[in-house]
Amino acid sequence: MAKTTETTGLFAKYKAMSKENKVIFWLWFCFVTPIVLVGGLILSVWIFADIPSFEELERPNNKLATQVLAIDGELLSTFHVENRSYAVYEDLSQNLINAAVATEDERFYKHSGIDFRSLGRVAIKTILGGDSSQGGGSTITQQLAKTLYPREDLSSSIPGVRHAKMVIIKLKEWVTAVKLERSYTKNEILCMYLNSVFFGSNAYGIRAASKTFFDKDPLYLTVEEAATLVGMVNKPTRYNPALNPEKSKVRRDFVIHQMARSGHLTKHEMDSIQQIPIKLAYQVQDHNAGLAPYFRDMLKRTMSAKKPKRSNYKYIEDYTVDSLLWENDPLYGWLNKNTKADGSKYDLERDGLRIYTTINYKMQKYAEEAVAEHLGKDLQKSFWKDLRWKRNKPFSNDVSENVRELVIKQGRRNSDRYRNLKKAGYNDAKIIENFSQPIKMRVFAWNDKGHVDTVMTPDDSIKYYMSHLRCGFMAMEPHTGHVKAYVGGPDYRYFKWDNVRQSARQVGSTIKPFLYSLAMQEGMSPCDQVLNVPTTFTVGKGTWTPRTTDREEWIGKTVTLKWGLTHSSNNISAYLMKQYGPHAMIRMMRKLGIGTYLPDAPSLCVGTPEIKVFDMIAAYNTFPSQGVYIAPYFVTRIEDDMGNVIGEFYPQKREAIGDHQAYLMANLMQGVVNSGTGVRLKYKYKLRGEIAGKTGTTNNNADGWFIGYTPTLTAGGWVGAENQNIHFQSTSLGGGSNMALPIWGLFMQKILADGTLGISETDTFTPSSKRVNLSCTGAEAFVAGSPSDEESLFFD
């Protein structure tokens, strides 16, 4: 009864009001009521809704890309689902900051998360005036908050529910924006915002966008580059400069105008910059892009390795190698050996790790350039010419039809097309028919684009790819074991197989330094003299005599061991094998880190085993490391996304041979470069200083090798076709001195020309503590009468 009386009294007071007071009353009512309602809704959302915690605000679930970093801090590339990596405020160009604030939120530094003035402008000019150019009124802070609330399905058959859901989401964003402003500085909010934006082309965040479109860190963005990226924020496809360059420039110029309007540019600067065309260094950052793709692939395989099972290995030796890696190398299988604090496994593509490697950015770049220059500009052209004389291209003339058909059949089975057709229910006859039908396709080519669009049958495409020469090249640093450069093939996009650590090929004469190292260990010296005659071995019930590569006038002469290695004489290698036997040579190779299967046979001395480039470079690196074997070392530490070190790694070293023995080998192998099969480094590539090395060529010129070292760098590799039945006809083209050595020469030329990498022509090998005569006077007089430099190239 009391409440009714009170209500009646209020109504009476209202009726007693003058007409003017009633108008004022309703004006206040209309103004206050929405504020109270909105305030009440905000308070309810704040209290009851699921608002992100401070930790979630700072570290949203963004599928952070793992960064693979070179030793100098340069980004090689990333492992990612979304190509996203964080930048801190100090990483941002002032041009970028100015562009973002001027375009997206001019009053950013004046409001507290919600800009009511801007909302009022939108309400009046956009809603009432129909001027859509005024934008949506959301602040940068609100836009950041919006990224934490993925747009859910708002459709509903019940009237008003859709709008109610939208209101709740909007209020959540407002509350989150206020929390952000209370918890972080403006600089931190701006940085988090730029890290959250999707820029198209698989670029999430400003660091990825800067790398994708301009191949630089965001700190170095110019005004026009920053404006281009900021212009893409709200419509990354429409304003993508690679897809829509004209629309992108219009939008970029608008951003530049906004920067001038906000006082960041003068009118003259604005007019000048707007005249600059958009210049891109565009490359989508997928797993094929960036520097060192083969290295990254090897790194991922290594970290993802599982505990070896004997049933997965043909040879016990290979199983033993991987088992020892599992037990002794913390990086091998790291993802399966380590877990997060909550017990879950690390995810390379989502956890935002930072992997610090030993790769030198410049050396890696030079190695990739050297491979492309030699294979693309020279060797592949020679191979095309050589193929013109083949009856069954690309196979050698002596390859039987059965072998050719088997190789092509295997090529079909290894293709995605075959697997897809098989999955679709095609029988073998239908599959063969499909492979014989010409279709449009894009294939690899050594041109500026890296590809060519053509029409050919899938069978012909198999032969086409088999006709391309492959390679594997690696460089590492003596004494530290740091892997400095790693190139597993001609082009990772089209040739995924890693010819450094996945592929094993016959090594030819590059095996001979291991035999000579055994001889030095047993007390021989480079100047010791032997008779250059063929040696015959009893093998089973028969005999075997290594084919001599020496010229007729050399046979029967007394020569030094240094001469024997310089000219890669099979006769001298056979003599040493007769002295020490295959068992002793295998033991020496095990000391030098060669763990793979090695045949216990005299033929070991001429290089019949198949060994990986990775292992061969590491073994040779023992010589400039004064006899210490160092396992190739390519990761120093791993950090989580907050910078905490979660893995540290150290070189694994052991003494393999004596320092005196290593110095003798350096002397022996310098002879190869100074006057033997590696002399091309001196006369063609004009390399000076102390260089030691060895070429290698296998039967039928299927494999060409060269491994060389200076006092400060060991490098080398292999070149050949995918299949050993595809090769050059002549050794002058297919030998290691022509196939593989030029990559080393070009690589070293670039390093020396750089002058900043700590490698110089004045570097010298550390002398042995023991005194030994290495002048080889007298007996070496015969060497002075050896064939010309050019002739010596052909005896490998």
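What counts as what
Residues numbered from 1 in each chain as written. Predicted model: local features only at pLDDT ≥ 70, side-chain atom pairs only at ≥ 80, totals over all residues. Heavy atoms only, no water. Pairing = 2+ DSSP bridges. Helix = DSSP H or I, 4+ residues; strand = E, 2+ residues; numbered from the N terminus. Axes fitted to C-alpha atoms, helices over the stretch in contact; angles between N-to-C directions. Contact = heavy atoms within 4.5 Å. Buried < 20%, exposed > 50% of the residue type's maximum accessible area, 1.4 Å probe, protein only. Core = buried A, V, L, I, M, F, W, Y, C linked by side-chain atoms within 4.5 Å.

With that out of the way, let us pick up the sheet that holds strand E18 (residues 692-697). Taken in spatial order, the five strands make up an open sheet running E7-E6-E20-E19-E18, and their pairing is antiparallel. Every other strand in the sheet has two partners, leaving strand E7 (483-487) and E18 as the edge strands with one partner each. Within this sheet the neighbouring strands show an average axis-to-axis angle of 5 degrees, counted without direction. Bridging between strand E6 (residues 470-476) and strand E20 (residues 713-720) involves seven bridges; their strand directions are antiparallel. From the neighbouring strand, Met-474 faces E20, where its bridge partner is Gly-716. Across the sheet, helix H16 (residues 361-387) lies against E6, E7 and E20, angled at about 30 degrees from E7, the strand it touches most.

Okay, the sheet that holds strand E3 (residues 354-357) next. Taken in spatial order, the five strands make up an open sheet running E2-E1-E3-E15-E16, and their pairing is mixed. In this open sheet, the two strands that pair with only one neighbour each are strand E2 (75-79) and strand E16 (645-648). Across the sheet, the axes of successive neighbouring strands diverge by a mean angle of 20 degrees, strand direction being ignored. Sheet analysis places strand E15 (residues 635-639) next to E16, joined by three bridges and oriented antiparallel. Looking at the pairing, Ile-638 lines up with Gly-647 of E16.

This part covers the pairing of E6. Burial runs high along E6: seven of the seven residues are buried. Where burial is concerned, the two faces of E6 agree: the one with Arg-470, Gly-472, Met-474 and Met-476 and the one with Cys-471, Phe-473 and Ala-475 are both buried. If you look at the hairpin formed by E6 and E7, you'll find six residues sitting between the two strands, and His-479 has a positive phi there, around 75 degrees.

Moving on: the nonpolar core. Ranked by internal contacts, the top residues of the largest apolar core, which has 95 residues, are Leu-299 and Tyr-486. No other element matches helix H23 (residues 570-591), which puts nine residues into this core. Those residues in contact with Leu-299 that sit more than four places away from it in its chain are Val-68, Phe-79, Leu-331, Ile-355, Phe-634 and Val-635. Within the second largest apolar cluster, 48 residues are counted, among which are Phe-395, Val-399, Ile-431 and Met-466.

Turning next to the environment of Thr-622. Tracing the sequence through the fold places Thr-622 in the loop between helix H24 (613-620) and strand E14 (628-630). Taking the relative accessible area as the measure of exposure, Thr-622 reaches 0% and is therefore buried. Along the chain, Thr-622 and His-479 lie 143 residues apart, while their C-alpha atoms are 8.5 Å from each other. In contact with Thr-622, other than residues within four places in its own chain, are Leu-592, Gly-627, Val-628, Tyr-629, Ala-656, Ile-657 and Ala-662.

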